[in-house]
Amino acid sequence: MATKREVIEREEVVIRFSGDSGDGMQLTGTLFSDSAALFGNDLVTFPDYPSEIRAPHGTVGGVSGFQVHLGHTEIRTPGDYADVLVAMNPAALKANARWLKPGATVILDSDSFDEKGLGKAGYTIDPIEEEKLNDYNIIRVPITTLTRQALDGLGLDMKSVLRSKNMFALGMVYWLFARPLDHTIKYFENKFKKRPLVVEANRRVLQAGYNYAETIEALTPTYMVSPAEIPKGTYRNINGNVATAWGFIAAAEKAGLQLFIGSYPITPATGILEELSLRKEFGVKSFQAEDEIAGICTALGASFAGSLAVTSTSGPGLALKSEAIGLAVMTELPIVIVDVQRGGPSTGLPTKTEQADLMQALYGRNGECPVVVIAASTPSNCFHYAFQAAKIALEHMTPVLLMSDGFLANGSEPWRIPSSKDLPSIKPPIVKEGHENFQPYARDPESLARLWAIPGTKGLEHRIGGLEKDALKGSVSHDPLNHEKMVRTREEKVQRVANYIPKQEIEGDQTGDLLVIGWGGTYGHLITAVNEMRKEGYRVGLMHLHYIKPLPENIETLLGRFKKKVVCELNLGQMAGYLRMKFQDHHYHQVNKVQGLPFTVVELIEAFSKILNED
Amino acid sequence: MATKREVIEREEVVIRFSGDSGDGMQLTGTLFSDSAALFGNDLVTFPDYPSEIRAPHGTVGGVSGFQVHLGHTEIRTPGDYADVLVAMNPAALKANARWLKPGATVILDSDSFDEKGLGKAGYTIDPIEEEKLNDYNIIRVPITTLTRQALDGLGLDMKSVLRSKNMFALGMVYWLFARPLDHTIKYFENKFKKRPLVVEANRRVLQAGYNYAETIEALTPTYMVSPAEIPKGTYRNINGNVATAWGFIAAAEKAGLQLFIGSYPITPATGILEELSLRKEFGVKSFQAEDEIAGICTALGASFAGSLAVTSTSGPGLALKSEAIGLAVMTELPIVIVDVQRGGPSTGLPTKTEQADLMQALYGRNGECPVVVIAASTPSNCFHYAFQAAKIALEHMTPVLLMSDGFLANGSEPWRIPSSKDLPSIKPPIVKEGHENFQPYARDPESLARLWAIPGTKGLEHRIGGLEKDALKGSVSHDPLNHEKMVRTREEKVQRVANYIPKQEIEGDQTGDLLVIGWGGTYGHLITAVNEMRKEGYRVGLMHLHYIKPLPENIETLLGRFKKKVVCELNLGQMAGYLRMKFQDHHYHQVNKVQGLPFTVVELIEAFSKILNED
Amino acid sequence: MEETVAHKLSPKDFKSDQEVRWCPGCGDHAILNAIHKALAELDYNREDYAFVSGIGCSSRFPYYMNTYGFHGIHGRASAIATGTKVANPRLSVWQITGDGDALAIGGNHFIHAVRRNVDINIVLFNNEIYGLTKGQYSPTSKMGAVTKTSPFGTVENPFHPGELVIGAQGKFFARSIDTNIQLSQEIFVEAARSEGTSVIEILQNCVIFNDKTHAEITDKAHKDDRQIILKHGEPMIFGKNRDKGLVLDGLKLKVVKIGEGGITEKDILVHNATENNPGIHLMLANMRYPNYPVALGVIRNVTAPTYERAVEAQIQKVKKTSALKCLDDLLHSGNTWEV
Amino acid sequence: MEETVAHKLSPKDFKSDQEVRWCPGCGDHAILNAIHKALAELDYNREDYAFVSGIGCSSRFPYYMNTYGFHGIHGRASAIATGTKVANPRLSVWQITGDGDALAIGGNHFIHAVRRNVDINIVLFNNEIYGLTKGQYSPTSKMGAVTKTSPFGTVENPFHPGELVIGAQGKFFARSIDTNIQLSQEIFVEAARSEGTSVIEILQNCVIFNDKTHAEITDKAHKDDRQIILKHGEPMIFGKNRDKGLVLDGLKLKVVKIGEGGITEKDILVHNATENNPGIHLMLANMRYPNYPVALGVIRNVTAPTYERAVEAQIQKVKKTSALKCLDDLLHSGNTWEV
Ligand SMILES: Cc1ncc(C[n+]2csc(CCOP(=O)(O)OP(=O)(O)O)c2C)c(N)n1
Ligand SMILES: Cc1ncc(C[n+]2csc(CCOP(=O)(O)OP(=O)(O)O)c2C)c(N)n1
Ligand code: SF4
Ligand code: SF4
Ligand SMILES: [Mg+2]
Ligand SMILES: [Mg+2]
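Cut-offs and rules
Residues numbered from 1 in each chain as written. Chains lettered and ligands numbered in written order. Predicted model: local features only at pLDDT ≥ 70, side-chain atom pairs only at ≥ 80, totals over all residues. Heavy atoms only, no water. Contact = heavy atoms within 4.5 Å. Buried area = accessible area lost by both parts, 1.4 Å probe. Salt bridge = Lys/Arg side-chain N within 4 Å of Asp/Glu carboxyl O. Polar contact = N/O pair within 3.5 Å; in protein donor to acceptor, adjacent residues only side chain to side chain. Helix = DSSP H or I, 4+ residues; strand = E, 2+ residues; numbered from the N terminus. Nonpolar A, V, L, I, M, F, W, Y, C, P; charged D, E, K, R; others polar. Buried < 20%, exposed > 50% of the residue type's maximum accessible area, 1.4 Å probe, protein only. Near = heavy atom within 4 Å. Least-squares fit on C-alpha atoms with pLDDT ≥ 70 in both. Axes fitted to C-alpha atoms, helices over the stretch in contact; angles between N-to-C directions. Parallel < 35°, antiparallel > 145°, perpendicular 65-115°, else oblique. Left-handed = near helix turned anticlockwise from the far one by under 90°. Areas by Shrake-Rupley, 256 points an atom, 1.4 Å probe, with all protein chains shown as cover. Pairing = 2+ DSSP bridges. Donors = N, O, S within 2.8 Å, 3.2 Å for Na, K, Ca; no water. Domains from an automatic or database assignment. Expected span 1.5 Å × (residues − 1).

**Considerations on the interface of chain A and chain C**
Contacts between chain A and chain C engage 72 residues on the former and 58 residues on the latter. For the pair chain A and chain C, the summed buried surface comes to about 5,300 Å²; carbon and sulfur atoms form 63% of the total. The three residues of chain A that bury the most area against chain C are A:Glu290, A:Glu461 and A:Arg463, which together make up 14% of that side's buried surface. The interface formed by chain A and chain C holds three salt bridges in total. Close ionic contact of A:Glu290 with C:Arg116 constitutes a salt bridge, the shortest N to O distance being 2.9 Å. One can count 28 residue pairs in polar contact (both at pLDDT 80 or more) joining chain A with chain C. Those elements that provide at least two residues to the side of chain A that touches chain C are helix 1 (25-39), strand 9 (234-239), helix 10 (240-255), strand 11 (285-288), helix 12 (292-304), helix 13 (315-331), strand 16 (412-416) and strand 17 (463-465) of chain A. Here the residues of the side of chain A that touches chain C are counted per class, giving 36 nonpolar, 21 polar and 15 charged.

The structure is reproduced here in structure tokens:
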């Protein structure tokens, strides 16, 4: 360990691990980001994988990637372009070459760059030539061979040997960033407690990669990314799906209710169901239903029975739940429906991110059928908005739609762990035995929430259902004026939630030339772009919406403070349309992208500049 | 027949038959309107019945009504208020008293106005007193007793005797309007060919009612409503559901394709499936599916196999079809989805009319998922718009949503029968064996419709599905730029339909002070109100939208021609919101009603006047 | 789980204040009656009943019960009832459904509830027609049935609810007739007391759209010869003169006459509703006129673990062993670090 | 309906130009192989095949067939296939589906297709797991299965596809194993030639998320003793030494050893796949290790009218008698009047 390192200090670095679906890139990326987080960096991650489990080996379609953006400063996005790319095969290079920063470092497994590999990836000439990477820092390493050597004599079968190639690459990257290996080794010790051979193999290969990197010296300069200066506290890495699940567990604890989730697996929402299925110690009843309709209907049954009821899905599943959401609206039962958006329409691009379910969330039901719509904007704040969604559902007796997306669901970032005692209380309008003159549709005069009498409560027996309800008794009513009254009451009840949510805030300039408007998972890219613009002297603010229906009451005032407005979304302009409906007097520019990918900061800055420079 | 009649000539008269659900009011009304139509009157009908099959006998909830508006002039609505009310029991009076014109004639079955009957209807004092009808022309007739007498000796059981009470009332009404009985008698002769006793009973009671009316002279003055001056041609009565079904049969004949309907029964759409189930002689394959999802999916399978495919439903069913509509969008298969709207949300008011599914039709799906949306506006033009929906679906290879509603579906009016040869041709882009270099997603450069290769066609084997498609080959593609291209292409394809539809027209004043904007089944009320306003000297036009997505290209120009605009809908303002999104620069007033009932002309005029008198 | 009831309840305690809105003469009235009576026999408090339904004439049922009730959406009652029961296993949960609601649009939730063996009681009003939508055929309409959507007769085989229940691993299946209030009541009580999913098919008459569809079997003049009421542990004897019975002929059931061909009462099969192997229950449930009498009573009643109890048990087990006791524990579990 | 084929097709004629994207080692590859071979044996033209699927690993199947194909949405393949077949009965329609696709979300369409007896061939890839979504339990996962959504084991009874098919009045049910290409091929040919809904369950191995779930039965060392391949008209004999067989013991099946206790080959049951009464087929389909060998081959194959033909027949009949011949006739039917 005597080599002297040439070290560059960097504010931030982007690294992308990439290889075949079977190459374990998701694990590699996760282990790297866990180490970086423990080291104190701020970071954001972005997994990107194909919809086949193992798409054909060696093809571009089968490439699985995991990008980590780590920094000494606050990190908001997984980064547009990579400083370092690990490419386990030619297809990985092909898929990612366009996402490299000029002069980036590329670590290749040279063993896989043989004729067969090149052919599968569709390369006909030298890939470095074809991708015009001659000036880049290309490190060719016979990773497969070296892995095999490292494991020589350990008695592993070839499949297992090849499976640990990724640890060789990870070892090299650890050296490159001068990071210790111990966290990763501990991970294997824990995970394979009962299989010491596996632990040993991974340890050996990891160390071999580290040593190799040190030896070859090709990797100088190495990067030094100091710990970030972030608020004091206890931190952990968390992804959006786990954060969502935990937000509900927190809400159930605060409300003193049992948590019930009725769901059907669907990418990229399944993680929520999976996480809650693990949480039996908190009494969570997780019900894997036969389909999405049963998912929401069992949840509604549980809500009727007095649980905090949740159902989670993605776009196609939300479509299937439409009719039952209507029943929730009519019966005014609390329920949270999570939509983790993915590329559409139809099956679309199941593993890619998109924001094109907004209109469906707002309007995708028969009749006048209002629900509260809330959107999280970072992996970790999924916790907060899941909690808020549950609180609103329970306190206002209404379905709440919580919007997440593939980018948030699978992306992760360090999260300062809150304390249970700092979370707000949740007080649903549950009525108890002995309540006098109980009427199931009697309402709180402020919130318009109806009373909640739970089966098992003596003396409050009553019936609810999907036919129009009498405004007080809740019995079936075909009276025309009662219908109009109830339609308007349900809408008003949702609107009144505006009295219970925070006012909208603007980040960056509070008045100025351009107001950037966004919602959902694009937050990191938007705030980064806004900050860059401001550094360049533009007067720009960001209005990132979390409460979509109802909108906070101060929106219109805020809109008036900027000369121009631009709505940025990963769809064809759904939020822009919604704002036109609500605040017609403002003109809205649009930046839209529908590629199953997040924005890049670069393209945002370009678009904003163009808008500012037009008259 | 010697009595001299005092006869009043009337331009138009409104009559409402009303009684218990079991009293046969729907049939009575239908028979009356058929006779009026044969006589040459123009007319519009409106059935109104409870959602229970037989709601409790004698209660207001169980009242079933059928209103007929007939005239010498053009009739556009079933009429706001009735000139004549037939009330078979006290509940019928109670339910309808508020819909009487001052001084109207009310024919009561006095036998049913006994203590029990009054009690069930909730009357505590004399109903005439309670309803303040003392100045009205109240005709008390012991209809039950007289019916029984008329059938004395015929050997009918009591149930059958009572069941023909309605014919007594009808006979009286025929006398009142000086209409012949022969059409109605012929109806029974046909219907009960094999049960001459039933024919005889109905004939006797009908005649008895007629004779009784003539005898008592209480019914003078009688009404004389001369035949209307309407275009020459052959006419028939038709309701919206039958007209819709026939529109599809016509389209199938013109396209030379088999018609397939996959549907699940639901009020008020069932009539379409029922009518098509009858039409086996035209080779219609009607498939009653196990649910709405199977309804659309079998239709999609049939579309794939080369049929003109249709699925019909109402709001809750449309919600269930959402996901599969997405599949139709992605596979670009032709299909027509009919939504006969009813009161919502959820099960809502199943037998009442409403227009609150517009947003669902436009946006109720995951992802960017555009379909063509068309709305019929009168019972008979359901034929035309069903035909057009099928033509667009087939020629543009797109799902088309056809909006109808309960008011159109069950309402009927005389219809000038078109001739098959005058209907436009339909030419779907079907490719034949031998087509060179076939690519399943190759498009017509004008319409952007893709080619349609039907299983069984040699050499054109290919695969379609719900994953994002390569822009030409149709194979699965995860390429980001291809996705953006396809999302925009699908939207553009729908927008281009605007090049193939008629320009929007305005009825009434072409420029002026107020543009009334409507869509769907409110047409009759809106045009009547607009005409009334114009008679009073206001400068008002009606822009009634039939093509909703895409909108005709000249809308914005037309909007500019009026000082004020008002959007009138039976919902909370969905079309108004849509127009704000599309044509932001105009201010839109709104008139909304959500009572499960059509507008009344009176309330429209009042609202319009108010808007015109505001500054 | 049955709790102590302060005072014994009577059938009328279960009548709600809502007007019953079925057609006069509809079989539903009698079924309502039988349920009111059955509940009065059971040991639950009134507030511990939840009646859940879908959409259809039959599904209006919860409105007429003075208990907790949930009138759902079409076809989804099994799912709603499952959620209710799993969330609170102490409730006595009843699903009321029609042949369309349960077997057309609701078929999937129905078979999955049965498979999971959730402890709910499913009362299936089988009138072989869609009543509420005014007379279209249903998945139980007889082949050839002429209805509004099959003016030339249907061309599809009907489901037999009992057969489908057994195909879905059903543990309890019974059949009754609307007018036989006494039998229905007995069955409801047995169903409520049996843990797991109990499916009770009631042959119900829709006077308006499918009058007399079951008349062949229910007709007074013939019913004793065309029905057999099975009782666990008793021989399968039927007939006006109780002189007919069922025996096995190879793998098939056969109707025999006692006293003819040397057959005596002890040759007659004895009904064992608790037999785990579904073979004979399938044959019994499938018996149809004219070859066989139609079986009524509890055909199958097999004990098996229920889903909601297994869920609770798993939770209790994990609670005991898990180190995580509250939210804060969870938030701090795994890798964390201090800044 | 089979038509004349110009030239005999070979298995490779059915391979599409798409790369096969299943995991290496996945059982799906072998099934694809078997279908390619089976189609080469059948008498349809290539353009007359339509392969329809839902969503799942297995449901990617149509992309790999050089025929018409429709990759649908999750669970709806039976409905899409039904529509395709009813619209054009001349096509040979195949539904490819997984245990989740067919029996979870698609359960209702599945049982209704079976009930109607639409002439489609349903190939159900049963790997007892959701593959495509990366390893959650399915309605066929064994009780107690530990998966991503059941980290402490499932608490629900699995469906047995054969039993459910019989509960839904199924006329054709067969079972094979992914690796037994020869048997699968034979079954596919027989299924294609049998009219009505044919359901073929294939025990398929998911190497990634549920490896070896069928190994107890498929394991080379034991398979001959743990599988029995049924053939119509042949005695039910199995075992490495073909010395074991099935007999009836009352109403139950029993495994016996030929030569022991006086049992000879002629005591062994002879398989009759065409028996209408489903009783014995239910027992055969339900045989499970370790008490019984698992039955493979065509377990049930009963002839019955198909739905799509009945629809066509009804249309032809009405066409003959109706006075309405074209649209104009229809428009002018009933009451009309001149103005
Ligand atoms: C999603 C949806 N589809 C269709 C309907 C219309 N619908 C209501 S009840 C019913 C069938 C009722 O039949 P069944 O379940 O047998 O009940 P019954 O009226 O005969 O008691 C139908 C088709 C609906 N309300 N919702
Ligand atoms: C409406 C909808 N819900 C859920 C999903 C997610 N999903 C896709 S495939 C699948 C299950 C696949 O299991 P199976 O049918 O057994 O097929 P396998 O992958 O095992 O072959 C699920 C839950 C989806 N695509 N669409
Ligand atoms: S329509 Fe039939 S099922 Fe419905 S209430 Fe009337 S008789 Fe009963
Ligand atoms: S995940 Fe399993 S079922 Fe899917 S392709 Fe891979 S091995 Fe086959
Ligand atoms: Mg029914
Ligand atoms: Mg599977």
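So much for the structure itself; the text now carries on.
**A short note on the pattern of salt bridges**
If you walk through the whole model with that rule in mind, you get 73 salt bridges over all chains. Across the salt bridge formed by B:Lys352 and B:Asp48, the nearest N and O atoms sit 2.8 Å from each other. Of this pair, B:Lys352 sits in the loop between strand 13 (335-341) and helix 14 (358-363) while B:Asp48 sits in strand 3 (residues 42-48), and the two are 304 residues apart along the sequence. The shortest N-O distance in the salt bridge between C:Glu201 and C:Arg175 comes to 2.9 Å. Here C:Arg175 lies in strand 5 (residues 172-177) and C:Glu201 lies in strand 6 (residues 198-203), a separation of 26 residues in the sequence. Taken individually, C:Glu201 and C:Arg175 each receive the classification buried, so the pair is uniform in this respect. Several salt bridges converge on common partners, so that one network encompasses A:Glu290, C:Arg115, C:Arg116 and D:Glu156.

**Here we look at the site of ligand 3**
Neighbouring ligand 3 are the residues B:Ile53, C:Trp22, C:Cys23, C:Cys26, C:Cys57, C:Asn127, C:Gln204, C:Cys206, C:Val207, C:Ile208 and C:Phe209. Those residues lying near ligand 3 are distributed over chains B and C. Within the shell around ligand 3, the residues separate by chemical class into nine nonpolar, two polar and no charged.

**With respect to the interface of chain C and chain D**
With 40 residues of chain C at the interface, the matching set in chain D holds 40 residues. In total, about 3,500 Å² of surface goes out of reach between chain C and chain D, with carbon and sulfur atoms giving 59% of it. Looking at the side of chain C facing chain D, the largest losses of area belong to C:Arg115, C:Val155 and C:Leu251, adding up to 18% of the total buried there. At the junction of chain C and chain D, the tally comes to six salt bridges. Salt-bridge contacts for C:Lys252 lead to D:Glu275; the nearest nitrogen and oxygen are separated by 3.6 Å. Along the contact surface separating chain C from chain D lie 21 residue pairs in polar contact (both at pLDDT 80 or more).

**Observations regarding unusual backbone geometry**
In this chain, B:Thr267 is followed by B:Pro268 through a cis amide linkage whose omega measures 0 degrees. Here B:Pro268 shows up in the loop between strand 10 (259-263) and helix 11 (270-278). Along the chain, C:Tyr289 connects to C:Pro290 via a cis peptide bond; the corresponding omega equals 10 degrees. Among the secondary structure elements, C:Pro290 is positioned in the loop between helix 9 (279-286) and strand 11 (294-301).

**Considering the environment of A:Asn571**
Structurally, the position occupied by A:Asn571 is in the loop between strand 22 (562-569) and helix 20 (574-582). On the basis of relative accessible area, A:Asn571 is assigned to the buried category, the value being 0%. For the pair A:Asn571 and A:Cys369, spaced 202 residues apart in sequence, the C-alpha to C-alpha distance is 23 Å. Those residues in contact with A:Asn571 that sit more than four places away from it in its chain are A:Gln355, A:Ala356, A:Trp519, A:Asn592, A:Lys593, A:Val594 and B:Glu368.

**Digging into the relation of the copies chain C and chain D**
Rotating chain C by 180 degrees and translating it 0.0 Å along the rotation axis places it on chain D, where the RMSD comes to 0.0 Å. Such a combination of turn and shift is consistent with a two-fold rotation axis. Most of the interface of chain C is mirrored in chain D, where 100% of its interface residues again form contacts.

**Focus: the packing of helix 1 (residues 25-39) of chain B against helix 8 (residues 182-191) of chain B**
Residues and elements named next belong to chain B. Between helix 1 and helix 8, the least distance of the axes is 9 Å, while the angle of their chain directions is 125 degrees. As summarised for this structure, helix 1 and helix 8 are arranged oblique, according to the angle between their axes. Helix-helix and strand crossings are classified by hand; for helix 1 and helix 8 the assignment is right-handed. On helix 8, the residues touching Leu 27, Leu 31, Asp 34, Ser 35 and Leu 38 of helix 1 are His 183, Thr 184, Tyr 187 and Phe 188. Taken together, the residues of the contact of helix 1 with helix 8 sort by class into five nonpolar, three polar and one charged.

**What about helix 2 (residues 77-87) of chain C?**
Judged by how many residues are buried, helix 2 of chain C sits mostly within the fold: 11 of 11 residues are covered. Within helix 2 of chain C, the full set of buried residues consists of C:Ala77, C:Ser78, C:Ala79, C:Ile80, C:Ala81, C:Thr82, C:Gly83, C:Thr84, C:Lys85, C:Val86 and C:Ala87.

**A short note on the site of ligand 1**
Close to ligand 1 lie 21 residues; B:Glu292, C:Cys57, C:Ser58, C:Asp99 and C:Asp101 are nearest. Taken together, the residues near ligand 1 originate from chains A, B and C. One of the backbone nitrogen or oxygen atoms of C:Cys57 is found 2.7 Å away from an oxygen atom of ligand 1. Within the backbone of C:Gly131, a nitrogen or oxygen atom sits 2.9 Å from an oxygen atom of ligand 1. Notes on ligand 1: free accessible area 590 Å², of which the protein chains cover 98%. Sorting elements by how many residues they give to the shell around ligand 1 places helix 3 (residues 99-103) of chain C first, with three residues. A breakdown of the residues in the shell around ligand 1 according to their chemical character gives nine nonpolar, eight polar and four charged.

**Things to note about the sheet that holds strand 11 (residues 285-288) of chain B**
Residues and elements named next belong to chain B. If you walk across this open sheet you meet the seven strands as 11-10-12-13-15-14-21, and the pairing is mixed. One side of each edge strand has no neighbouring strand; the edge strands of this open sheet are strand 11 and strand 21 (547-549). Taking the axes of each pair of neighbouring strands and ignoring which way they run, one obtains an average angle of 20 degrees across the sheet.

**Quick notes on the packing of helix 8 of chain B against helix 9 (residues 196-216) of chain B**
A pair of packed helices is captured by two measures, namely the crossing angle of their axes and the spacing between those axes. Residues and elements named next belong to chain B. In contact at an axis separation of 9 Å, helix 8 and helix 9 are set at 165 degrees when each is read in the N-to-C sense. By the angle between their directions, the pair helix 8 and helix 9 is classed as roughly antiparallel. Viewed along their axes, helix 8 and helix 9 form a crossing whose handedness is right-handed. The residues of helix 9 that touch helix 8, namely those facing Thr 184, Ile 185, Phe 188 and Glu 189, are Val 199, Asn 202, Arg 203 and Leu 206. Residues of the contact of helix 8 with helix 9, tallied by class, amount to four nonpolar, two polar and two charged.

**Topic: the coordination of the magnesium ion (ligand 5)**
Six octahedral donors at a metal ideally form angles of 90 or 180 degrees, and four tetrahedral donors ideally form angles of 109.5 degrees. Residue and element names in this part refer to chain C. The magnesium ion (ligand 5) binds to the protein through Asp 99 (OD), Asn 127 (OD1) and Ile 129 (O), with metal-donor distances spanning 2.1 to 2.2 Å. We classify Asn 127 as buried; its relative accessible area is 7%. Here Ile 129 falls in the buried class, since its relative accessible area comes to 3%.

**Some points on the coordination of the magnesium ion (ligand 6)**
Of the protein atoms, only D:Asp99 (OD), D:Asn127 (OD1) and D:Ile129 (O) coordinate the magnesium ion (ligand 6), at distances of 2.1 to 2.2 Å. Counting residues between consecutive donors of the magnesium ion (ligand 6) along the chain gives the motif D-x27-N-x1-I.

**Topic: the domain arrangement of chain A**
Residue and element names in this part refer to chain A. Along its sequence, chain A is organised into domain 1 (7-224), domain 2 (236-422) and domain 3 (507-613). Using C-alpha coordinates to define each centre, domain 2 is positioned 26 Å away from domain 3. Taken together, the contact between domain 2 and domain 3 spans 29 residues of the former and 25 residues of the latter. Of the roughly 2,200 Å² buried at the junction of domain 2 and domain 3 (both faces included), carbon and sulfur atoms supply 63%. Per-residue buried area on domain 2 facing domain 3 is highest for Gln 355, Leu 358 and Ser 377; these three make up 28% of the total on that side. Counting across the domain 2 and domain 3 interface gives zero salt bridges. Elements that contribute at least two residues to the side of domain 2 that touches domain 3 include exactly helix 14 (358-363), strand 14 (372-375), helix 15 (381-396), strand 15 (399-405) and helix 16 (406-410). Residue composition of the side of domain 2 that touches domain 3, by class: 18 nonpolar, seven polar and four charged.

**Structural notes on helix 9 (residues 196-216) of chain A**
All names here are of chain A. Look at helix 9: 30 Å from first C-alpha to last across 21 residues, which is about the 30 Å you get at 1.5 Å a residue. Turning to helix 9, its buried residues are Val 198, Val 199, Ala 201, Asn 202, Val 205, Leu 206, Ala 208, Gly 209, Tyr 210, Ala 213 and Glu 214. Contacts made by the buried residues of helix 9 are with helix 5 (143-151), helix 7 (165-176) and helix 8 (182-191). Positive backbone phi, approximately 60 degrees, marks Glu 217, located one or two places after helix 9.

**Examining the pairing of strand 19 (residues 512-519) of chain B**
All names here are of chain B. Of all eight residues that make up strand 19, seven are buried, and the element is covered over most of its length. The sheet contact formed by strand 19 and strand 22 (residues 562-569) spans five bridges and is parallel. Residue pairing across strands places Gly 512 opposite Phe 562, the latter belonging to strand 22. Where strand 19 lies against strand 20 (residues 540-545), six bridges are found, and the strand directions are parallel. Pairing of Leu 514 across the sheet is with Val 540, part of strand 20.

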